[in-house]
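Reading the structure
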Amino acid sequence: MDAIPPDAPAPRLCHVIKRPDFEGFGFNLFAGKVKQGQFIGKVDSGSPAEDAGLKAGDRIVEVNGVHIGNENHKQVVQRIKLRPNETELLVVDDEADEYYSSLGITIKGSQSNVIRISSAPVIVQPARKISSSSESEPERPTQARLERSNVTNGQRRESSSSEEEDWSNAPAPRLCHVVKWNESDGFGFHLLADKKRKGQFIGKVDPGSAADGAGLKLGDRIVEVNGHNVVEETHKEVVQRIKTIPNETKLLVIDPSGQLFYAERNIAITSSMPNVQKMKTPATQPNRMNNRPDNLKFVMPTETNGTAPPKSSLKRVDSAPAPRLCHIVKWRQDAGYGFHLLADKKRVGHFIGKVDPNTPASAAGLKVSDRIIEVNGHNVVNESHKQIVERIKAVPNETKLLVLDPDADVYYNERNIMVSSSQSNVVFIKTPAAPRAKNDSSDDDDYDVKLRSKGSRSPASPSSVSPVSSPTSPTRPLSMATIAAAANSGLNLNMSAAQLRARLASQKKYDPKREAIDLRRKHEIIQTM
């Protein structure tokens, strides 16, 4: 038997049992085209297959204890049908499959780290209460069985103990289905890797955001992302899993008290638990309050250790300074926004260092020394300069910056108030349509150029030149170089474009290279050299 490394990912042995209220097992098979093997294609919501822990993309290793690595699609289907109302599938996800393949290890259902999950219907059984008294106490039914598990190196192994506990008092994990309301918006939460605690946690939830609507809370520990257990994964890996599905994600989370409850009992939290509370972002975004500063509600942040900082006694603040949400749209794709970022060493955060006049940034209300709070709906207070630049570049030709001027920044910092674009007093400013260019001296085909005639020293008497050809002459307009040469040579600037070009050509210096010379003359010149 191949030795299994202690950090090896766990295969799942899924015991799928049909139910009277559901037709079939609730999953589809497909044969891989790029990777050889049989895979789980779709798992129906609320099906026995989902209850047994099957997930889309899982590769099937064994069917009812038989290894099917060399079998075709039809043979695998026949094996599943051999047991009409139930089947046992040993499966691995993509990462586990790649892990074992790279080490050349054959996956088996007899491995010590296999997780066993069954979709067996819940059986209501009485729960025993242990009392110091010899008298028996009344028994009350349990709502489900609470399986204990041994956790070795982060992997769950089913215990042989038949000990049961009452689920009624067990804290409910939450399966939060977070769906963006707009593709350009964020989910509205931040991840936090706490150095003192193992795992990934919810660091902040923006009020009124999609995450808030889906039930995510500050301090929640993330157990699963889109059906994958991430307890042992790094911050970067968890972020990548969240990004895998655009505009939505499913997070299985547990609050600190719930985490302690299951850890003390050595119970692995999974989304297949019967007491999981499923929550989803509402289909429509809640309406904001009236756009008045005196209706602004503030949410106070909580520290990662669970203790809240001193809170302001104000629920509503009159005349609160308004943040600005500047929607900057480029006037030309090959041009910039017209502002520069500045990271101030003396202050935490990122600021607007310079705003060029008459640019999309200035037209959108961006100002020097503004502090950037959000970029395209994402809070960037704790992000690096490079990360902010990447967020700005993420949406081509436009960006949305939530900013505070210095006075507003001081106001909110003194009151320990987190600013977000969901506040009712946010001022929205968008770059208007590009203005018509006038007197652009950088354009060679400028039609409004004023030149001084030769010998004129005073700028008060310029000669107005319009390099537009006459209606009867369909020639192209003069370039700036042609006009300058004409002015310096003392030509009549009232000539047409064609006349000016002809006159300039006639006044050019003699060029011997242009002279036509016959072959005999060339021979004589060479002989005299």
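Scroll up to find the structure.
Residues numbered from 1 in each chain as written. Predicted model: local features only at pLDDT ≥ 70, side-chain atom pairs only at ≥ 80, totals over all residues. Heavy atoms only, no water.

1. Some points on the packing of aromatic side chains
Under the counting rule described, the total for this entry stands at 7 aromatic pairs. Summarising the aromatic geometry, the rings of Tyr411 and Tyr412 are spaced 5.3 Å apart at their centres and angled 80° between planes, so their arrangement reads as edge-to-face. Summarising the burial analysis for this pair, Tyr411 and Tyr412 share the class buried. Seen from the ring of Tyr337, Lys330 lies directly overhead, with NZ or CZ sitting 5.1 Å from the centre. The residue whose ring lies beneath Arg415 is Tyr411, and the NZ or CZ to ring-centre distance is 3.7 Å. (Phe/Tyr/Trp six-rings, centres within 6.5 Å; stacked < 30°, edge-to-face > 60°. Buried < 20%, exposed > 50% of the residue type's maximum accessible area, 1.4 Å probe, protein only. Lys NZ or Arg CZ within 6 Å of the ring centre and 35° of its normal.)

2. Notes on the pattern of salt bridges
Applying the stated criterion across every chain, the model contains 16 salt bridges. Between Asp97 and Arg59 there is a salt bridge, with its nearest N and O atoms 2.9 Å apart. With Asp97 in helix H3 (residues 94-103) and Arg59 in strand E4 (residues 59-63), this residue pair connects regions lying 38 residues apart in the sequence. Of the residues examined, Asp97 reaches a relative accessible area of 4% and is grouped as buried. For Arg79, the salt bridge goes to Glu71, with nearest N and O atoms at 2.9 Å. Accessibility expressed as a relative area gives 25% for Arg79, which makes it partly exposed. For Glu71, a relative accessible area of 19% puts it in the buried group. (Salt bridge = Lys/Arg side-chain N within 4 Å of Asp/Glu carboxyl O. Helix = DSSP H or I, 4+ residues; strand = E, 2+ residues; numbered from the N terminus.)

3. Describing the environment of Ala172
Topologically, Ala172 is positioned in the loop between strand E11 (155-158) and strand E12 (174-179). Judged by its relative accessible area of 32%, Ala172 is partly exposed. Taking C-alpha positions, Ala172 is 9.1 Å from Pro274, a pair spaced 102 residues apart along the chain. The contacts of Ala172, once residues within four sequence positions are left out, are Ile254 and Asn275. (Contact = heavy atoms within 4.5 Å.)

4. Looking at the pairing of strand E15 (residues 221-225)
For E15, a buried count of 5 out of 5 residues is recorded, marking the element as mostly surrounded by other parts of the structure. As paired strands, E15 and strand E17 (residues 248-254) are joined by 4 bridges and run antiparallel to one another. Within E17, the residue paired with Glu224 across the bridge is Leu252. Bridge count for E15 against strand E16 (residues 228-229) is 2 bridges, and the pairing is antiparallel. Pairing of Glu224 across the sheet is with Asn229, part of E16. Between E15 and E16, which follow one another and run antiparallel, lie 2 residues, and Asn226 among them has a positive phi close to 55°. (Pairing = 2+ DSSP bridges.)

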